[in-house]
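Here is what each chain is made of, one letter per residue.
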Amino acid sequence: MTMYKAMTIAGSDTSGGAGMEADLKTFQELGVYGMTALTCIVAQNPNADWAHEIYPIEETTIEKQLTTILQGIGCDAIKTGMLGSAALVELVANTIDKYNLKNVVIDPVMVCKGIDTIMVPEAAKATKELLVKRALVMTPNLLEAAYLADMPGITNVDEMKQAAATIHDNGCRYVIIKAGDRLPGDEALEIVYDGKHFTEKHHPKISGSYNHGAGCTFSAAITASLAKGMDINASLETAEHFIASALRGSFCLNQWSGALKHCAWRE
């Protein structure tokens, strides 16, 4: 029996909704053996309105984790999540080159939900310079796509396409820009660009759902599918079905947050 393997380079979300926890749940649900190189630990403070507190892991420790996985085991696809420094982004870029990694999915985690500013500008700049050209797939939201494309903002479909074209021109083979709730209307818009064709995808917004970790889960589902040898179109369709099911089954955790139901797609 073939066991497909995928790695996530991401932070740990103590609440279990996003980051490494979301990635590993998704890998497992889609029949892929998941491994992780932790970049940081994120704790939420219930005494400060669930404020996120980030505790970075030393770069040398992250490098040891990467060596464990890539030299000691190997994997069929990788994805990135939160990369909190320019030095870490450079380490990831060098690792992609060193091990000649192919199925590379970059989820450029530059902003947190509800915040419209780049969290770590130097890491975002390094991502734009070093990871775009090494990515098979990138899955930015509107704010991240605007930054990667050097645009002041994205407010409509045409600007989404403009950003996707620029990101592709800078080296990424498949660009998937997600509008989510940042554009008005009853549908969530997604633009996919492969360098030749733009594909507009419209998905009904799921009212009352909790979307904490949705971006991580979506990119992890693409990664898992690529690890299994699926092409980009089939991988994207799988991810769309998976995330829609997880959102429909999402549930409340506490007064501040909720979580996706990663097993919902089986139901």
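Note that the structure is a prediction, hence the values are computed from the model and not measured.

Draft legend 1. View of the sheet that holds strand β3 (residues 51–56). Read across the sheet, 9 strands follow the order β3-β2-β1-β4-β5-β6-β7-β8-β9 without closing on themselves; strand pairing throughout is mixed. Of all strands in the sheet, those bounded by a partner on one side alone are β3 and β9 (198–204). Here 2 bridges tie strand β6 (residues 137–138) to strand β7 (residues 174–178), and the two strands are oriented parallel to one another. In the sheet register, V137 faces β7, and the bridge partner there is Y174.

Draft legend 2. Looking closely at the nonpolar core. Counting residues in each nonpolar core, the largest one holds 48 residues, and the members touching the most others are I9, L131, M138, I154, M160, I167 and I177. Broken down by element, the residue count for this core peaks at 6 residues, all from helix α3 (residues 86–98). Once you skip the residues sitting within four places of it in the chain, I154 turns out to touch L142, A145, A146, E159, M160, A163 and L183. Residues I222, A224, L247 and L260 belong to the second largest nonpolar core, which totals 27 residues.

Draft legend 3. Local environment of the packing of helix α2 (residues 59–70) against α3. Axis separation between α2 and α3 bottoms out at 11 Å; the angle between their running directions is 20 degrees. The pairing of α2 with α3 is recorded here as roughly parallel in orientation. As for how α2 packs across α3, the hand of that crossing is right-handed. Touching E59, I62, E63, L66 and L70 of α2 are A87, L88, L91 and T95, all from α3.

Draft legend 4. Inspection of helix α8 (residues 232–248) at higher detail. Its 17 residues give α8 an end-to-end C-alpha distance of 24 Å, which sits within 8% of 24 Å, the value for a rise of 1.5 Å per residue. Buried within α8 we find I232, S235, L236, A239, E240, F242, I243, A244, S245, A246 and L247. Turning to α8, the residues buried within the fold contact α1 (19–29), β6, β7, β8 (187–193), β9 and α7 (214–227).

Draft legend 5. Spotlight on the pairing of strand β4 (residues 77–80). Neither face of β4 is left uncovered, since the one carrying A77 and K79 and the one carrying I78 and T80 both have all their residues buried. By the bridge criterion, 4 bridges tie strand β1 (residues 5–13) to β4 in an arrangement that is parallel. Bridge assignment links I9 to a residue of β4, and that residue is T80. Relative to strand β5 (residues 104–106), β4 is paired through 3 bridges, and the arrangement is parallel. Residue pairing in the sheet places I78 in a bridge with V104 of β5. Handedness of the crossover joining β4 and β5 through α3 is recorded here as right-handed.

Reading the values: rules and limits
Residues numbered from 1 in each chain as written. Predicted model: local features only at pLDDT ≥ 70, side-chain atom pairs only at ≥ 80, totals over all residues. Heavy atoms only, no water. Pairing = 2+ DSSP bridges. Helix = DSSP H or I, 4+ residues; strand = E, 2+ residues; numbered from the N terminus. Core = buried A, V, L, I, M, F, W, Y, C linked by side-chain atoms within 4.5 Å. Buried < 20%, exposed > 50% of the residue type's maximum accessible area, 1.4 Å probe, protein only. Contact = heavy atoms within 4.5 Å. Axes fitted to C-alpha atoms, helices over the stretch in contact; angles between N-to-C directions. Parallel < 35°, antiparallel > 145°, perpendicular 65-115°, else oblique. Left-handed = near helix turned anticlockwise from the far one by under 90°. Expected span 1.5 Å × (residues − 1). Right-handed = clockwise from strand over helix to strand, strands pointing away.

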